[in-house]
Amino acid sequence: MLPSRTSLSQLDLGRSRWYVRYGAAAAFTGLALLLNNVRPAQSLPFLFFFAAVALSARICGFGAALFTTLLSAAASDFFFLKPRFTFAHGHTSLLQLMLFGLVALLISSIAKQKSEIEKREEERRAQFAAAVESSEDAFFNKSLDGTILTWNRAAERLYGYRPDEIIGKNVAMLAPPERVTEIASILERLRRGERIAHFEPERVTKNDRRVHVSLSISPVFDEEGNIVEAATIARDFTERKRAEEALRLSEERFRAAHAMANVSAFDWNIETGDVTWFTELPALRELAPDGKFETWMKLVHPDDKPKLEAAIDRLFKEGSVEIESRVVRPDGQFIWLSTWGKLYRDEGGKSHCLGVAMDITQRRRSEEVLRRAEKLATAGQLGATIAHELNNPLEAVTNLIFLIRKNRSFDEKTRKQLEYVDQELARMAHMTRRTLGFYRDTSSPVHVDLANLMEDVLALYARKLETKRIVVEKEYQTHAEVAAFPGEIRKVFSNLIANAIDAVSSGGHITVRVRNARDWGNPGHSGVRTTVADSGYGINSADVSSIFDPFYTTKKDTGTGLGLWLSKDIVQKHGGSISVRSSTLQRRNCRTVFSVFIPAQETAVSEGVPQERRMA
């Protein structure tokens, strides 16, 4: 409720009937005539008539003011100008009447203008009051000590107080108990002439309900420029606050769900090339800090770029696309991404691609492990079939040779030839069992000198080494003994030497070291470390991490991908470890180095691994 102001302009007869307006003008003239009859005023005959003209102009309008001017001139001439009580006059009286008329007209004009100004001001004030009263925002004024002076309907709806309940009370009653001191601080700032714009405190309603409001408070000045009041505008945004909080929680859940699922949404501005990620995939963090599509394209695996470019063409033609591709990290590791995108245009007509990217690296690795397991299962099934098909005829031939050798009619030469045939059949059976994994080494680990074992392996490959003119540098330490299965360790060394020979070009060199050492991962364990280093072409960093996986090979046409996998299995069975480091840089003399550590303790060999090993 806003206070009303009364003024002279509110006594407005300008739109009344003519006889009311002119009757009032005549009354003002008669009143002036009576007042002029008072003795002190007789010396100033026109004084009250001027006032009558001004009142007529302000209240009754300009026409009534002219009527008052004529009546006042006639009354002055008849009652006050000499000769009195007659309308005869001399030159002096005529001059006085003319001056009176001019001044009266001037007064009428000024009074009329002021009246119109005041009317317009009152109309504007009334319009403003009506606007404030009907506003959706709460308006109220308070004094500089905090006393509430005005209160509109929106304030009543917001806080619950009627005007008669709140006007005259201190504004501090609207603040929560813990924020009462905030009111004193605000009033002090207002007294200094500050305007407080858009801060969002919490306030308390009549029924003790807490609401979030947006406040703007401005000082109100009087005509002399002094601060007399403060005007407050309050807007309830409790629902908006709740909506914002709900949105914030929803976004947090959205981000958490995306993080758990390794999923992130993105927006690619096709015209500017900017890529905006709504959530961040940990695997992609800091890969493209500039957020440009060109930078992301540089990270795509070279083998996947043609596929990705074709997918982008499909996106422009069909409006949506789905693709799986790899992103290469600076350390050489790659990330598999499953990406779905849909084309759209923003408000400005610019083309965008809104999409979702999922990190499927772990899934692809699991699928790869599953494929390898299936390959191994297939190989095992094939091995069992071959074993069945080969062992039966071999056994039959062996038995037949045994029976033939019992025949006494053969000469010594024939018997010798049959003995050779029997030996070759035994060797063939042994090779078959070894190839298929049915290989029985010694029944238990024995002490073996790894230097002597390496010499035996090098002797087997002497012809290959000589053919390729490969220089072998040997560094052996005496008494480099461990407890092991010599046949299996020989298989490991044979695989490493064969790989080194394949990698080294003609005229290259291989360095072999066998020496007592300690385990790098556990310095408390002693044993023997064997290293095989070659000057070959090296292994790419992307291949090093998978070099010991089954069926993984860098020899595209000749490798099976089983040698190093079996070697690692054998070394781990002995409680040891095998590692590799490699470089493709030409300036290195030894580009690839394999290191095998076998612990010296007899108990190093895993007891849980059966001595007759079967690959399946």
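Only a predicted model underlies this, so the values are computations on that prediction, with no experimental measurement involved.

### So, the nonpolar core
Consideration 1: Of all hydrophobic cores here, the largest spans 38 residues; its most connected members are Leu450, Ile489, Phe493, Ile497 and Ile510.
Consideration 2: Contributions of two or more residues to this core are made by α13 (450-460), β14 (481-484), α15 (486-503), β15 (509-518), β16 (526-534), α17 (563-573), β17 (577-582) and β18 (592-599).
Consideration 3: When residues of this core are assigned to their parent elements, the largest contribution, 8 residues, is made by α15.
Consideration 4: Once residues within four sequence positions are removed from consideration, isoleucine 497 is found in contact with Met454, Val457, Leu458, Tyr461, Val512 and Val532.
Consideration 5: One finds Trp151, Val171, Phe199 and Val211 within the second-largest nonpolar core, a separate group that totals 25 residues.

### Comments concerning the packing of aromatic side chains
Consideration 1: Evaluation of the coordinates by the stated rule reveals 8 aromatic pairs.
Consideration 2: Here phenylalanine 266 and tryptophan 277 contribute two aromatic rings whose centre-to-centre distance is 5.3 Å and whose plane-to-plane angle is 50°, an arrangement assigned as tilted. Within this pair, whereas phenylalanine 266 is found in strand β6 (residues 263-269), its partner tryptophan 277 is found in strand β7 (residues 275-277), the two being separated by 11 residues in sequence.
Consideration 3: Its relative accessible area of 28% is what places tryptophan 277 among the partly exposed residues.
Consideration 4: The interplanar angle of 10° and the centroid separation of 4.1 Å between the aromatic rings of tryptophan 268 and phenylalanine 293 together place this pair among those described as stacked. Linking tryptophan 268 in strand β6 with phenylalanine 293 in helix α9 (residues 293-299), this pair joins segments that are 25 residues apart in sequence. Exposure class is identical for tryptophan 268 and phenylalanine 293. Each is buried.
Consideration 5: In textbook terms, an aromatic cluster arises when at least three aromatic residues are bridged by ring pairs, as seen for Phe140, Trp151 and Tyr159.
Consideration 6: Sitting above the plane of the phenylalanine 334 ring, arginine 326 keeps its charged end 5.5 Å from the centroid.
Consideration 7: For the cation-ring pair, arginine 529 lies above tryptophan 520, with the distance from its terminal atom to the ring centre recorded as 3.6 Å.

### Describing the side chain of threonine 511
Consideration 1: Positionally, threonine 511 belongs in strand β15.
Consideration 2: Threonine 511 gets classed as buried once you look at its relative accessible area, which sits at 4%.
Consideration 3: Within the local environment of threonine 511, its side chain forms a polar contact with the side chain of glutamate 473, the two groups lying 3.3 Å apart.
Consideration 4: When neighbours within four sequence positions are excluded, threonine 511 is seen to be in contact with Glu473, Glu475, Thr531, Val532, Ala533 and Cys590.

### Structural notes on the sheet that holds β17
Consideration 1: The 5 strands are arranged β13-β15-β16-β18-β17 in an open sheet whose pairing can be described as mixed. Two strands bound the open sheet, and with one partner strand each, they are β13 (471-476) and β17. Strand-to-strand, the axes of this sheet are offset by a mean angle of 15°, without reference to chain direction.
Consideration 2: The sheet contact formed by β15 and β16 spans 9 bridges and is antiparallel. Of the residues in β16, the one forming a bridge with alanine 517 is glycine 527.
Consideration 3: Those strands touched by α13 are β13, β15, β16 and β18, and its axis lies near 165° from that of β13.
Consideration 4: The sheet strands contacting α17 are β17 and β18, and the helix crosses β18 at an angle near 25°.

### Looking at the confidence of the model for the chain
Consideration 1: Looking at the chain, pLDDT values average 77 and 76% of them are 70 or higher.
Consideration 2: Ranking the elements of the chain by mean pLDDT puts strand β19 (residues 612-613) last, at 34, and β16 first, at 92.
Consideration 3: Here residues 1-9 scores under 50 on pLDDT; set against residues more than four positions off or in separate chains, the count is 22 contacts.
Consideration 4: Below a pLDDT of 50 lies the segment residues 606-616, which in the model reaches 28 contacts outside its immediate sequence neighbourhood of four places, other chains included.

### Some points on helix α10 (residues 305-318)
Consideration 1: Between its first and last C-alpha, α10 extends 20 Å over 14 residues, near the 20 Å set by a 1.5 Å rise per residue.
Consideration 2: By the burial criterion, the buried members of α10 are Leu308, Ala311, Ile312 and Leu315. All buried residues of α10 project into a common sector of 100° when viewed along the axis, lining one side. The exposed set on the far side of α10, more than 90 degrees from its buried face, consists of Pro306, Lys317 and Glu318.

### Details of the packing of α13 against α15
Consideration 1: Running from N to C, α13 and α15 cross one another at 55°; their axes reach a closest spacing of 9 Å. Here α13 is positioned oblique relative to α15, judged by the angle of their axes. For the pair α13 and α15, the crossing hand works out as right-handed. Contacts between α13 and α15 involve Leu450, Leu453, Met454, Asp456, Val457 and Leu458 on the former and, on the latter, Pro486, Ile489, Arg490, Phe493, Ser494 and Ile497.
Consideration 2: Considering only residue class, the contact of α13 with α15 consists of 9 nonpolar, 1 polar and 2 charged.

### Let's talk about empty space enclosed by the protein
The rolling of a water-molecule-sized probe over the atoms marks out the regions of remaining empty space.
Consideration 1: As enumerated under the stated definition, the model contains 3 cavities of 30 Å³ or more in all.
Consideration 2: Each pocket or cavity is described by its volume, and for the largest cavity that value is around 400 Å³.
Consideration 3: Around the largest cavity, the lining comprises 22 residues; the ones closest to its centre are Phe266, Phe293, Trp296, Leu308 and Thr339.
Consideration 4: Mapped by element, the contributors of at least two residues to the lining of the largest cavity are β6, β7, α9, α10, β8 (320-328), β9 (334-345) and β10 (351-359).
Consideration 5: Residue classes in the lining of the largest cavity are distributed as 19 nonpolar, 3 polar and no charged.
Consideration 6: In this model, the second largest cavity occupies a volume close to 100 Å³.
Consideration 7: Contributing to the lining of the second largest cavity are Phe140, Lys142, Tyr159, Val171, Leu174, Ile183, Ile186, Arg203, Leu215, Ile217 and Thr232.
Consideration 8: If you list the elements that add at least two residues to the lining of the second largest cavity, you get β1 (138-143), α7 (180-191) and β4 (210-221).

The rules behind these values
Residues numbered from 1 in each chain as written. Predicted model: local features only at pLDDT ≥ 70, side-chain atom pairs only at ≥ 80, totals over all residues. Heavy atoms only, no water. Core = buried A, V, L, I, M, F, W, Y, C linked by side-chain atoms within 4.5 Å. Buried < 20%, exposed > 50% of the residue type's maximum accessible area, 1.4 Å probe, protein only. Helix = DSSP H or I, 4+ residues; strand = E, 2+ residues; numbered from the N terminus. Contact = heavy atoms within 4.5 Å. Phe/Tyr/Trp six-rings, centres within 6.5 Å; stacked < 30°, edge-to-face > 60°. Lys NZ or Arg CZ within 6 Å of the ring centre and 35° of its normal. Polar contact = N/O pair within 3.5 Å; in protein donor to acceptor, adjacent residues only side chain to side chain. Pairing = 2+ DSSP bridges. Axes fitted to C-alpha atoms, helices over the stretch in contact; angles between N-to-C directions. pLDDT = per-residue confidence, 0-100. Expected span 1.5 Å × (residues − 1). Arc of directions from axis to C-beta. Parallel < 35°, antiparallel > 145°, perpendicular 65-115°, else oblique. Left-handed = near helix turned anticlockwise from the far one by under 90°. Nonpolar A, V, L, I, M, F, W, Y, C, P; charged D, E, K, R; others polar. 1 Å grid on protein atoms, 1.4 Å probe; cavity = no way out; pocket = protein on both sides within 12 Å on 5 of 7 lines; lining within 4 Å. Points joined across faces, edges and corners; volume = space filled by probe spheres on them.

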